[in-house]
Amino acid sequence: MTIDFMARPLRREVLQWLDQAVPAKRLQHILRVEAMAIALAQQHNLAVDRAQQAGLMHDLAKCFTPSQLLAVAEAEGWTLDPAETDCPHLLHASVGAVVARDTFGVTNPQVLNAIAHHTLGSPDMDALGCVVYVADSLEPGRGDTPQLQHLRQLSYRDLWGATYETCVASLQHLLENRRPVHPRTILTHNSLLPSHRHRKAVSSAA
Ligand SMILES: [Fe+2]
Ligand SMILES: [Fe+2]
């Protein structure tokens, strides 16, 4: 597939960097997220080049070591939640946005936020953020369970609904596996809940 929305030299530069920074399997995931982010942006009339950039760069820091992640957090002056101190890997999304900014000169706040929010979500997520958040969880390589098939279909019909349901699935997974839940994931859930309830009420009244 030819993907031609983003400036070609930048895409080539990012791919060359990723080739050194992540294993081949991770790179395939990244390319599937990029492709799904493009498709969702087209479907929902969003800026396709921004969705592509954020999709391609969402996991720049995926393979950073805990000490690398913590060093960036310290240099940026972030206050860490105990969940991040306990599991620095949770920082890879925010650190990825720093790499996109500092290594690839990305300045667009929508793109940087979409990268930063792709794992934990955010109550401030916009539609582009939702695109990358759901593409990361629902890209075809994630599997083919009935739940994933349903969420994929939903993401093309109702982006915010799919974001809410993806957030719920992520919370369920964390709780079932006795993993810490970052407060931002709870805040994301709670911020999406009122519109989810509204959509349910409207669809049951119809
Ligand atoms: Fe990630
Ligand atoms: Fe990812």
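Residues numbered from 1 in each chain as written. Chains lettered and ligands numbered in written order. Predicted model: local features only at pLDDT ≥ 70, side-chain atom pairs only at ≥ 80, totals over all residues.

Q: Help me out: how do you make sense of the overall build of the protein chain in this one?
A: Check the secondary structure of the protein chain and you find 11 helices and 0 strands. By principal-axis analysis of the C-alpha atoms, the protein chain measures approximately 50 × 40 × 30 Å. When burial is assessed residue by residue, the protein chain has 36% of its 206 residues classed as buried. Counting only contacts in the protein chain whose residues sit at least 6 apart along the sequence, the fraction spanning at least 24 positions is 63%. (Helix = DSSP H or I, 4+ residues; strand = E, 2+ residues; numbered from the N terminus. Buried ≥ 20, exposed ≤ 12 C-beta atoms within 10 Å, placed from the backbone. Contact = placed C-beta atoms within 7 Å.)

Q: What's the story with the environment of A97 in this structure? I'm lost.
A: Mapped onto the fold, A97 is located in helix α6 (residues 92-104). Judged by local crowding, A97 falls into the buried class, with 25 C-beta atoms found within 10 Å. Between the alpha carbons of A97 and T107 there is a distance of 9.8 Å; along the sequence they are 10 residues apart. A97 has contacts with L112, I115 and A116, leaving out every residue within four places of it along the chain.

Q: Sorry, what's going on with the packing of helix α4 (residues 66-76) against α6 here?
A: What describes two packed helices is the angle between their axes and the distance between those same axes. The N-to-C vectors of α4 and α6 enclose an angle of 65 degrees; their axes lie 10 Å apart at closest approach. What the angle tells us is that α4 and α6 run roughly perpendicular. Considering how the two elements wind past one another, α4 and α6 form a crossing that is left-handed. Taking contact as the criterion, the partners of L69, V72 and E76 in α4 are, on α6, H92, V95 and V98. When grouped by side-chain class, the residues that make up the contact of α4 with α6 number 4 nonpolar, 1 polar and 1 charged. (Axes fitted to C-alpha atoms, helices over the stretch in contact; angles between N-to-C directions. Parallel < 35°, antiparallel > 145°, perpendicular 65-115°, else oblique. Left-handed = near helix turned anticlockwise from the far one by under 90°. Nonpolar A, V, L, I, M, F, W, Y, C, P; charged D, E, K, R; others polar.)

Q: Sorry, what's going on with the environment of V14 here?
A: Looking at the secondary structure, you find V14 in helix α1 (residues 8-21). Residues V14 and T103, 89 residues apart in the sequence, show an inter-C-alpha distance of 9.2 Å. Contacts of V14, omitting those with residues within four sequence positions, involve L56, M57 and F104.

Q: Any chance you could explain the nonpolar core here in plain terms?
A: Side chains of nonpolar character tend, in soluble globular proteins, to be buried together. Residues A37, A54, I115, V131 and A135 are the most contacted members of the largest nonpolar core, which totals 43 residues. Within the residue set of this core, elements represented by two or more residues are α2 (24-43), α3 (48-57), α4, α6, α7 (109-116), α8 (127-138) and α10 (159-176). If one sorts the elements of this core by residue count, α8 sits on top with 8 residues. Excluding its chain neighbours within four sequence positions, the residues that come into contact with A135 are V33, M36, A37, L40 and G55. (Core = buried A, V, L, I, M, F, W, Y, C linked by C-beta atoms within 7 Å.)

Q: Teacher, can you tell me more about helix α9 (residues 146-157) here?
A: Within an α-helix, residues lying three or four positions from one another point in the same direction, as the helix has 3.6 residues per turn. With 12 residues, α9 extends 17 Å between its outermost C-alpha atoms, agreeing within 8% with the 16 Å of an ideal straight helix rising 1.5 Å per residue. Taken together, the buried positions of α9 are occupied by L151, R152 and S155. Looking straight down α9, one finds that the buried residues subtend no more than 105 degrees of arc, so they occupy a single side. In α9, those exposed residues whose orientation departs by more than 90 degrees from the buried face are P146, Q149, Q153 and R157. (Expected span 1.5 Å × (residues − 1). Arc of directions from axis to C-beta.)

Q: Any chance you could explain α10 here in plain terms?
A: Compared with the 26 Å implied by 1.5 Å per residue over 18 residues, the 26 Å span of α10 between its first and last C-alpha is a close match. Every buried residue of α10 is listed here: L159, A162, T163, Y164, E165, T166 and C167. For α10, the elements touching its buried residues are α2, α8, α9 and α11 (183-205). Of the residues flanking the end of α10, it is R178, one or two places downstream, whose phi is positive at about 55 degrees.

Q: Whenever I open this one, unusual backbone geometry confuses me. Can you help?
A: A negative phi holds for most residues other than glycine; trans holds for most peptide bonds. Of note in this structure, N45 is not a glycine but carries a positive phi near 55 degrees. Positionally, N45 belongs in the loop between α2 and α3. Positive phi is not limited to glycine here, since R178 has a value of about 55 degrees. If you trace the backbone, R178 turns up in the loop between α10 and α11.

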